[in-house]
Amino acid sequence: SLSAGLDLPGRFLFATLTLMTLIAILVFIEEAVYIYRKIPSSKRSIIIWINAAAPVISTTSCIGMWVPRSTMFTDYTAGIFFAIVIHKFLMMMIKECGGQKVLLRQFENGHFTITTGPCCCCCLCLPRVPITRQTLFWLKLGTFQFAVFRPVLVFLSIVLWTNGNYVLYNLSPKGPALWISCFIGALTLFALWAVGIMFRKVRILLKCKNIIPKFALYQFIVILNHLQTVIINIFATQKIIPCAPPLSSTARGSYISQQLLIMEMFLITVISRVVYRRKYHDLEPPECMAEEPGDKKQTP
């Protein structure tokens, strides 16, 4: 078994990381109870979903650490959950503005700046888009498509894996892993782009509702759960992370990624509890808000 193959420092590390995961789960449960009691019902479920992102990733990483053969399933579970959280975060920003109708009234003559990351931050020639019901629909569709297609692609990957056609670390053009990963990457960029466009517009209006630190926490989860994991996996496949019998390079890379995620998600869970602890019913949008250059100042 895994525990029998660990030395004393290894067992201590595994026990410590497991304890951190359990604490993160308890902190989230306590925060969910608080949200359920204090937050209006229209925002309650969305905020609980967003707060659950870090504990869920920490839990799946802990399971993958103890049961190495489950890594593919745990990583995919975390990926599917976070795809839904990205859509929920966009909907939270709309809800915090008072809903779609109020948002459209607030920014009646405003424009969305689409020259933002991660897709078009360098395309300064792109025009600004008027804020209408149709453009809001396209932004919501940009995140919703990821929440729908990511589970479908994960299911396809698992079917191909059980048939022996899908090898996670085989990035050959002839294999399906490369193409599925590229397609998921493109869908991810479009979803993050939609969230970035919305955040850039509402960040001043929602500053009193801690939207900037909330967005920062969301961005940290994106970077750590996706970019960090991809970089470590590349290092492992290129043998930059050396093997240490009985663990291969890819197995060691997976262990390093999971252990880092447990510690990072534990910190994010604790910080999220502080950031989302504010009493939202006491916070109101400012009477006047500063618009981006080129827009007229709006009065709510």
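Residues numbered from 1 in each chain as written. Predicted model: local features only at pLDDT ≥ 70, side-chain atom pairs only at ≥ 80, totals over all residues. Heavy atoms only, no water.

What describes two packed helices is the angle between their axes and the distance between those same axes. Contact geometry of helix α3 (residues 71–96) with helix α7 (residues 211–237) gives a least axis separation of 12 Å together with a crossing angle of 170°. As far as their axial angle goes, α7 and α3 are roughly antiparallel. The element α3 and its partner α7 pack so that their crossing is left-handed. Contacts from F82, I86, F89, M92, M93 and E96 of α3 reach α7 at I211, K214, F215, Y218, I221, V222, N225 and H226. The residue makeup of the contact of α3 with α7, split by class, is ten nonpolar, two polar and two charged. (Axes fitted to C-alpha atoms, helices over the stretch in contact; angles between N-to-C directions. Helix = DSSP H or I, 4+ residues; strand = E, 2+ residues; numbered from the N terminus. Parallel < 35°, antiparallel > 145°, perpendicular 65-115°, else oblique. Left-handed = near helix turned anticlockwise from the far one by under 90°. Contact = heavy atoms within 4.5 Å. Nonpolar A, V, L, I, M, F, W, Y, C, P; charged D, E, K, R; others polar.)

Any space left empty among the atoms is revealed by the rolling of a water-sized probe across them. The full count for this structure, using the stated rule, is three cavities of 30 Å³ or more. Split by residue class, the lining of the largest cavity holds eleven nonpolar, two polar and one charged. (1 Å grid on protein atoms, 1.4 Å probe; cavity = no way out; pocket = protein on both sides within 12 Å on 5 of 7 lines; lining within 4 Å. Points joined across faces, edges and corners; volume = space filled by probe spheres on them.)

With that settled, the discussion passes to the nonpolar core. Membership of the largest hydrophobic core comes to 65 residues, with the highest contact counts inside it found for F89, M93, L103, M198 and Y218. Of all the elements in the fold, those that place two or more residues in this core are α1 (8–38), α2 (41–66), α3, α4 (100–106), α5 (133–162), α6 (176–202), α7 and α8 (249–275). In terms of nonpolar packing, the next biggest core, distinct from the first, is built from nine residues, A24, C62, M65 and Y255 among them. (Core = buried A, V, L, I, M, F, W, Y, C linked by side-chain atoms within 4.5 Å. Buried < 20%, exposed > 50% of the residue type's maximum accessible area, 1.4 Å probe, protein only.)

This part covers the UniProt feature "transmembrane region" (unreviewed entry) in the protein. Those residues carrying the UniProt feature "transmembrane region" (unreviewed entry) are residues 12–34, 46–67, 73–91, 137–161, 176–195, 215–236 and 256–276 in this numbering. Across residues 137–161, helical content stands at 100% and strand content at 0%; the span's end C-alpha atoms are separated by 36 Å. Each end of residues 256–276 is marked by a C-alpha atom, and these two atoms are 30 Å apart; helix forms 95% of the span and strand 0%. (UniProt positions renumbered as here; feature names shortened; annotations may be inferred.)

With that settled, consider the environment of A53. Following the sequence through the fold, A53 ends up in helix α2. Each C-alpha atom of the pair A53 and F81 lies 7.2 Å from the other, and the pair is 28 residues apart in sequence. Ignoring anything within four residues of it in the chain, the contact list for A53 reads F81, F82, V85 and I221.

With that settled, the discussion passes to α3. The end-to-end C-alpha separation of α3 is 36 Å, in line with the 38 Å expected for 26 residues at 1.5 Å each. Immediately downstream of α3, the backbone of G98 shows phi near 105°, a positive value. (Expected span 1.5 Å × (residues − 1).)

Tracing the backbone through its elements, the reader meets M92 in helix α3. For M92 and I50, which are 42 residues apart along the polypeptide, the C-alpha to C-alpha distance reads 9.0 Å. Sequence-distant contacts of M92, defined by excluding residues within four places in its chain, comprise I46, I47, I50, I211, K214 and Y276.

Right, let's talk about the packing of aromatic side chains for a bit. Inspection of every chain in the model, using the stated rule, returns eleven aromatic pairs. A centroid spacing of 5.0 Å and a plane angle of 90° characterise the contact between F14 and W66, whose relative ring orientation is edge-to-face. Here the residue F14 occupies a position in helix α1, and W66 occupies one in helix α2, the gap between them amounting to 52 residues. You can call F14 buried: its relative accessible area is 4%. (Phe/Tyr/Trp six-rings, centres within 6.5 Å; stacked < 30°, edge-to-face > 60°.)

Approximately 1300 Å³ is the volume attributed to the largest pocket. Lining the largest pocket are 47 residues, with R150, N225, H226, T229 and V230 positioned closest to its centre. Every element with two or more residues in the lining of the largest pocket is listed here: α2, α3, α6, α7 and α8. When grouped by side-chain class, the residues that make up the lining of the largest pocket number 24 nonpolar, 20 polar and three charged.

So, on to the packing of α3 against α5. Taken N-terminus to C-terminus, the directions of α3 and α5 make an angle of 170°; their axes are 9 Å apart at the nearest point. Our classification of the angle between α3 and α5 gives roughly antiparallel. Here M72, F73, Y76, G79, I80, A83, I84, I86, H87, L90, M91 and I94 of α3 lie close against α5, whose contacting residues are L139, K140, T143, F144, F146, A147, R150, P151, V154, S157, I158 and W161. Split into classes, the residues belonging to the contact of α3 with α5 amount to 18 nonpolar, four polar and two charged.

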